[in-house]
Amino acid sequence: MKILCNPFFLLFVIVGLLFLLRVLLIRTGLIYRTKKWWRSIEDCFHVHQFFKVPEFNESMQENQLYCKVSVYLNSLASIEDSDFTNLFTGKKSNEIILRLDSGQVIDDDFLGARVSWINEVKTDATCSRALLLKIRKADKRRILRPYLQHIHTVFDELEQKKKRQLKLYMNIDSDRNQSRRWRFVPFTHPSTFETIAMESDLKNKLKSDLETFLKAKQYYNRLGRVWKRSYLLYGPSGTGKSSFVAAMANFLGYDVYDIDLSRVLDDSDLKSLLLQTTPKSVIVVENLDRFLMEKSTTVSFSGVLNFMDGILNSCSAAERIMVFTMNSKDHIDSAILRPGRIDVHIHFPLCDFSVFKTLSNSYLGVKDHKLFPQVEEIFQTGASLSPAEIGELMIAHRNSPSRALKSVITALQTEGDRRGSVNVGRRLLDAGSRNSTEDSSDHLGIFCKENFNAVKDIRKLYGLLRLRSNRKAQSFDSTPGQNDG
Ligand SMILES: Nc1ncnc2c1ncn2[C@@H]1O[C@H](COP(=O)(O)OP(=O)(O)OP(=O)(O)O)[C@@H](O)[C@H]1O
Ligand SMILES: [Mg+2]
């Protein structure tokens, strides 16, 4: 009986019960109902105001705003969270478009405020349609006008994206006197977020991270920060880093500036290259680790840091996305990886069984196979190959899934086994060193985005991600920030 009065024991029981409750809510899907209840309780404490955007005006002419808002809402990632969504094929044969059904609600975040849109369709003879904006009165003055302006801007961008052919710029090897430093070719890389084998939750987080960033112009201005966001993609060769950059550019409809640092003459040349980039572009530096290791004499370390800070971008009010790729960030100076310089760290691991299944589905059209348990068993021993290697084997035997899977098994047992065991060792070492250094660079992304949040929140967030990353061989070091918007 005495043990029941022990506060540590009680605390342990409470934590255990909370954990069980969380598992129960997630497993049964009750978490969604709980979230809904929580939101309706929250709503009870707020006064809301509604704004109606009808499809037609009084003279029965089409209301352009309705069209714009409709395009905007259908482009939001949160449409996938709506209870009922219609699916249509797009212009391309493999494209699927989501459209909000009648009476459905879609949420959006803007400048830290949450708004909802209701797709209203009258069931009477008129069948009139309208979109209803629900906004908290407390937020109305602050966000209504900028939000409507934001919808206009996004609509214009989406329209432009449809028409515009993207460009891939490369810096030319030339002398200083040449004013034009970039040469371009049409950017036709077919990679999209759909074609990259990656945990879907992580993909959605990254998509909404990009969207949140794009909405955050005023927020960045208010903070006196350059409106840029930097991503570090790191992982072994052939794990999809370059493909991911292409997917990002295609998703955003942005041109790509691929900077080859070995062709840059010196720091000022690097600055002028940056100055010559256009707004709404993804600026990419591939294999930054290799460049830093080689200790180049042309561009100095501080030149690279200044470039990463994008100081010169402040000349322009338009947004920039910077992406750096590395095979490993183990020996990289922490100044390179510090918060603000790199906002989001994304790890690209070698294949695990779940990525293998995604690849098998997309490359061979095979969702399940009698050889899958054997493949899973080999992965469990720590053997692994890169998605590029597995993809190549599958392409080579695409007419015979069984042969393709057998060749993957053989490759895993030989090459993968050797490399996998090294990786397992490394992973264990990584885990050990992380535990001993609490503020490892993996936390950086979170510190950047949640700048002023309590350490407690960061740990909580990071704990969740860490749980997932342990399961999925660690892939995303930071949750896309919601504070930006
Ligand atoms: N996660 C993945 N999902 C689907 N395909 C992938 C994935 N990773 C790699 N591939 C395929 O493997 C090939 C090589 O990928 P990619 O060039 O993006 O790798 P990388 O990480 O940039 O390699 P490196 O570090 O050598 O530059 C591409 O054809 C790509 O389609
Ligand atoms: Mg690459």
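Residues numbered from 1 in each chain as written. Chains lettered and ligands numbered in written order. Predicted model: local features only at pLDDT ≥ 70, side-chain atom pairs only at ≥ 80, totals over all residues. Heavy atoms only, no water.

A.B. asks: Requested: an account of the pairing of strand β7 (residues 167-171), with residues and values cited.
C.D. replies: Taken together, the 5 bridges between β7 and strand β8 (residues 182-186) define a ladder with antiparallel strand orientation. Within β8, the residue paired with M170 across the bridge is R183. Sheet analysis places β7 next to strand β10 (residues 255-258), joined by 3 bridges and oriented parallel. Each residue of the ladder has a partner; that of M170, found in β10, is D258. (Pairing = 2+ DSSP bridges. Helix = DSSP H or I, 4+ residues; strand = E, 2+ residues; numbered from the N terminus.)

A.B. asks: Please provide a residue-by-residue account of the site of ligand 1, values included.
C.D. replies: Near ligand 1, the surroundings consist of 16 residues, among which A197, S237, G238, K241 and S243 are the closest. The separation between an oxygen atom of ligand 1 and a polar main-chain atom of T239 is 3.2 Å. Contacts to ligand 1 include K241, whose side-chain N or O atom sits 2.8 Å from an oxygen atom. When the free accessible area of ligand 1 is taken as 620 Å², the share hidden by the protein chains comes to 73%. Those elements that place two or more of their residues in the shell around ligand 1 are α7 (241-252), α12 (353-364) and α14 (387-396). For the shell around ligand 1, the per-class residue count stands at 7 nonpolar, 8 polar and 1 charged. Mapped onto the domain boundaries, the shell around ligand 1 takes at least three residues apiece from domain 2 (167-348) and domain 3 (353-428). (Near = heavy atom within 4 Å. Polar contact = N/O pair within 3.5 Å; in protein donor to acceptor, adjacent residues only side chain to side chain. Areas by Shrake-Rupley, 256 points an atom, 1.4 Å probe, with all protein chains shown as cover. Nonpolar A, V, L, I, M, F, W, Y, C, P; charged D, E, K, R; others polar. Domains from an automatic or database assignment.)

A.B. asks: Describe the confidence of the model for the chain, with residues and values.
C.D. replies: Per-residue confidence for the chain gives a mean pLDDT of 78; residues scoring 70 or more make up 79%. Confidence drops under pLDDT 50 across residues 420-485; counting only partners more than four residues distant or on other chains, this segment forms 125 contacts. This prediction of the complex comes with two scores: 0.65 for pTM and 0.98 for ipTM. (pLDDT = per-residue confidence, 0-100. Contact = heavy atoms within 4.5 Å.)

A.B. asks: Give me the pattern of salt bridges: which residues, what numbers.
C.D. replies: Summed over the entire model, instances satisfying the criterion amount to 11 salt bridges. Of the charged contacts in the structure, one is a salt bridge between K52 and E120, with a shortest N-O distance of 3.4 Å. Here K52 is found in strand β1 (residues 48-54), whereas its partner E120 is found in strand β5 (residues 113-121), with 68 residues between them in sequence. With relative accessibility at 25%, the residue E120 sits in the partly exposed group. For E319, the salt bridge identified is with K280, shortest N-O distance 2.8 Å. Residue E319 is found in the loop between α10 (301-309) and β12 (320-326), and its partner K280 is found in the loop between α8 (267-275) and β11 (281-285); the two are separated by 39 residues along the sequence. By sharing partners, the salt bridges in this structure join E157, K280 and E319 into a single network. (Salt bridge = Lys/Arg side-chain N within 4 Å of Asp/Glu carboxyl O. Buried < 20%, exposed > 50% of the residue type's maximum accessible area, 1.4 Å probe, protein only.)

A.B. asks: Please set out the sheet that holds β5 residue by residue, giving values where relevant.
C.D. replies: Read from one edge to the other, the open sheet built from 4 strands follows the order β1-β6-β5-β4, with strand pairing classed as antiparallel. Each edge of the open sheet carries a strand with a single partner, namely β1 and β4 (105-110). Recorded for the sheet is a direction-independent mean angle of 25° between the axes of neighbouring strands. Relative to strand β6 (residues 129-136), β5 runs antiparallel, the two being bridged by 6 bridges. Considered in β6, the bridge of V121 is made with R129. Lying on the sheet, helix α2 (residues 30-44) is in contact with β1, β4, β5 and β6; it crosses β5 at an angle near 105°. Across the sheet, helix α4 (residues 137-163) touches β1, β4, β5 and β6, and the angle it forms with β6 is around 135°. (Axes fitted to C-alpha atoms, helices over the stretch in contact; angles between N-to-C directions.)

A.B. asks: Go over the nonpolar core with me, naming the residues and quoting the values.
C.D. replies: Core analysis: the largest hydrophobic core is formed by 53 residues, its most contacted members being W117, Y231, F244, V282, I321 and I346. With 7 residues, α7 is the largest single contributor of residues to this core. Both of domain 1 (44-163) and domain 2 (167-348) provide at least three residues apiece to this core. Setting aside anything within four residues of it in sequence, one finds Y231 in contact with D209, L210, M248, I321, M322, V323, F324, V344 and I346. (Core = buried A, V, L, I, M, F, W, Y, C linked by side-chain atoms within 4.5 Å.)

A.B. asks: Tell me about the side chain of S360, and name the residues and values.
C.D. replies: Counting through the fold element by element, S360 comes out in helix α12. At 2.9 Å, the side chain of S360 forms a polar contact with the backbone oxygen of V366. S360 has contacts with G365, V366, F372 and M394, leaving out every residue within four places of it along the chain.

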